[in-house]
Amino acid sequence: MPKTAYVRTKPHLNIGTMGHVDHGKTTLTAAITKVLSERGTGTFVPFDRIDRAPEEALRGITINIAHVEYETDTRHYAHVDMPGHADYVKNMVTGAAQLDGAILVVSALDGIMPQTAEHVLLARQVGVDHIVVALNKADAGDEELTDLVELEVRDLLSAHGYGGDAVPVVRVSGLRALEGDPRWTAAIEALLDAVDTYVPIPERYADAPFLMPVENVLTITGRGTVVTGAVERGTIRVGDRVEVLGATVTLKAVETVVTGLETFGKPMESAEAGDNVALLLRGMPREAVRRGHVVAAPGSTTPTRRFTAQVYVLSAREGGRTTPVTSGYRPQFYIRTADVVGDIDLGETAVARPGDTVTVTVELGREVPLEVGLGFAIREGGRTVGAGTVASIVA
Ligand SMILES: Nc1nc2c(ncn2[C@@H]2O[C@H](COP(=O)(O)OP(=O)(O)OP(=O)(O)O)[C@@H](O)[C@H]2O)c(=O)[nH]1
Ligand SMILES: [Mg+2]
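Only a predicted model underlies this, so the values are computations on that prediction, with no experimental measurement involved.

Draft legend 1. Broad picture of the sheet that holds strand S8 (residues 169-171). Across the sheet, 6 strands lie side by side as S4-S5-S1-S6-S7-S8; this open sheet has mixed pairing. At either end of the open sheet lies a strand with only one pairing partner, and these are strand S4 (66-71) and S8. Direction aside, neighbouring strands of the sheet carry axes that sit 25° apart on average. As paired elements, strand S1 (residues 12-18) and strand S5 (residues 76-81) share 6 bridges and run parallel to each other. By the bridge assignment, Gly-16 is partnered in S5 with Val-80. The strands touched by helix H5 (residues 143-159) within the sheet are strand S6 (101-107), strand S7 (131-136) and S8, with S7 carrying the most contacts at an inclination of about 155°. The sheet strands contacting helix H7 (residues 182-198) are S1, S4, S5, S6, S7 and S8, and the helix crosses S7 at an angle near 165°.

So this is what it looks like as structure tokens:
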């Protein structure tokens, strides 16, 4: 099938749904694509295709994020539907790191649930600055109860520095909109308008050196090794030299050339920060690159093992630990798409209780490209116990 080139006509933003299990994230995602397909600026992606497509097993890591794309009148969006279950927080964290804005889905029937709060906290920690709320299942909710839920959500957002009073809260019914009920398709339009106007066009650091965390690695027969991910900063063109970093201990950086560039299956001439792309890498052995590595402009970033960070230790109520952390604690660090073990040194603080924010020094089990301001999650025994931001690199 001939491929039409991807033409950039509108600013591109990455958004995603988040929220508690069963509050209707996937239904809402399907409803958005339905409403926009009727406007002629998107393709309808039915519920079961969003819910089935994402499960990919990759070297034992379950990648469970569905990407769909659509346009409003003013913007092009890549939208990720993030699973709600706590087991998938890893994917939410690594995916949310790329989000310019998020749609927080809260069931008007249930109100705030543990994962609603956990996702808001994680969004804050990974630097998602703008949240729009979809109060879903409004078709089935009682008006007064929905008012209470709205207040509760605004309070939660304010508590995490999102300015809950200003955040748009739109009452929607993904289910009824999918069925074509005009009242509820209009609500989806209102939600999209809120996203269009409330989430600003991000500064893309287009002039910064190129960097893309690797999400997925594929082999295309006859063509070679392809890596996919969201461009974190800078621009990339076919023919550009790049480095793959964070590889094996013996082979720290592998230099290669980008020989092909695509987005959503369409070839493109250049990609910039925020784009979801696939890069074909010349002569790159399949085994030399994996999820967690970084593709960057040569010499633009140096992998490091030691850094200081501000870390928030989740309280037990948020699903975190019930006991304090002391120096020598050795959890997993989720940094961009990488999953690395690390030693925590609390220095003079000595003890961090659940709910505390502390400054720590971390020594990772292997080198990872890091920079100040980069967010990460800390996990232990399959659950998130902390979140933090890199404060300084220690030589
Ligand atoms: N009444 C009503 N039910 C809804 C609405 N949206 C979703 N549901 C129902 O809520 C249930 C969960 O919907 P999903 O879209 O799968 O929820 P989710 O948040 O994606 O769930 P997970 O991916 O498992 O976290 C399904 O039975 C839906 O049919 C709505 O607007 N109104
Ligand atoms: Mg879902």
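Having seen the structure, we can now continue with the description.
Draft legend 2. Inspection of the sheet that holds strand S19 (residues 303-313) at higher detail. One closed barrel holds the 6 strands; their spatial order is S19-S24-S22-S21-S25-S26, and the pairing between them is antiparallel. The mean inter-strand angle of the sheet, taken between neighbouring strand axes irrespective of direction, is 45°. Bridging between strand S22 (residues 338-345) and strand S24 (residues 357-369) involves 4 bridges; their strand directions are antiparallel. Looking across to S24, one finds that Ile-344 is bridged to Val-362.

Draft legend 3. Quick peek at a nonpolar patch on the surface. A contiguous nonpolar patch, built from Leu-145, Leu-148 and Leu-151 and spanning about 290 Å² of accessible area, is present on the exposed surface. Position of Leu-145 among the secondary structure elements: in helix H5.

Draft legend 4. Quick peek at the pairing of strand S11 (residues 224-230). Among the 7 residues of S11, 6 are classified as buried, and the element is accordingly described as predominantly covered. Where strand S10 (residues 216-220) lies against S11, 5 bridges are found, and the strand directions are antiparallel. Its bridge partner lying in S11, Asn-216 is registered against Thr-228. Between S10 and the antiparallel strand that follows it, S11, lie 3 residues; Gly-222 among them carries a positive phi value of about 85°.

Draft legend 5. The nonpolar core, seen in detail. Core analysis: the biggest nonpolar cluster contains 30 residues, and Leu-28, Ile-32, Tyr-70, Ile-103, Val-172, Ile-188 and Leu-191 have the highest contact counts within it. Breaking this core down by element, the ones donating at least two residues are S1, helix H1 (25-39), S4, S6, S7 and H7. Setting aside chain neighbours within four positions, we find Val-172 in contact with Leu-28, Ala-134, Leu-135, Asn-136, Lys-137, Ala-138, Trp-184, Ala-187, Ile-188 and Leu-191. With 24 residues, the next largest nonpolar core counts Val-358, Val-368, Leu-370 and Val-390 among its residues.

Draft legend 6. Molecular detail of the pairing of S7. With 6 of its 6 residues buried, S7 lies for the most part within the structure. Burial of S7 is two-sided: the residues Ile-131, Val-133 and Leu-135 facing one way and the residues Val-132, Ala-134 and Asn-136 facing the other way are all buried. In this structure, S6 lies alongside S7, joined through 6 bridges in parallel fashion. What sits directly across from Val-105, in S7, is Ala-134. Where S7 lies against S8, 3 bridges are found, and the strand directions are parallel. Directly across from Ala-134, in S8, lies its bridge partner Val-170. Note that the unit made of S7, H5 and S8 has a crossover that is right-handed.

Draft legend 7. Fine view of the site of ligand 1. What surrounds ligand 1 is a group of 16 residues, the closest being Gly-24, Lys-25, Thr-26, Thr-27 and Asp-139. Note that an oxygen atom of ligand 1 is positioned 3.1 Å from one of the backbone N or O atoms of Asp-22. Between an oxygen atom of ligand 1 and a main-chain N or O atom of Gly-24, the distance comes to 3.0 Å. In the complex, the protein chains occlude 76% of the 650 Å² of accessible area that ligand 1 would expose alone. The set of elements that each furnish at least two residues to the shell around ligand 1 consists of H1 and helix H6 (174-178). Per-element tally for the shell around ligand 1: the top contributor is H1, with 3 residues. Residues of the shell around ligand 1, tallied by class, amount to 3 nonpolar, 9 polar and 4 charged.

About the criteria used
Residues numbered from 1 in each chain as written. Chains lettered and ligands numbered in written order. Predicted model: local features only at pLDDT ≥ 70, side-chain atom pairs only at ≥ 80, totals over all residues. Heavy atoms only, no water. Pairing = 2+ DSSP bridges. Helix = DSSP H or I, 4+ residues; strand = E, 2+ residues; numbered from the N terminus. Axes fitted to C-alpha atoms, helices over the stretch in contact; angles between N-to-C directions. Contact = heavy atoms within 4.5 Å. Patch = residues over 30% accessible without salt bridge, like charges linked within 9 Å, V, L, I, M, F, W, Y side chains within 5 Å. Areas by Shrake-Rupley, 256 points an atom, 1.4 Å probe, with all protein chains shown as cover. Salt bridge = Lys/Arg side-chain N within 4 Å of Asp/Glu carboxyl O. Buried < 20%, exposed > 50% of the residue type's maximum accessible area, 1.4 Å probe, protein only. Core = buried A, V, L, I, M, F, W, Y, C linked by side-chain atoms within 4.5 Å. Right-handed = clockwise from strand over helix to strand, strands pointing away. Near = heavy atom within 4 Å. Polar contact = N/O pair within 3.5 Å; in protein donor to acceptor, adjacent residues only side chain to side chain. Nonpolar A, V, L, I, M, F, W, Y, C, P; charged D, E, K, R; others polar.

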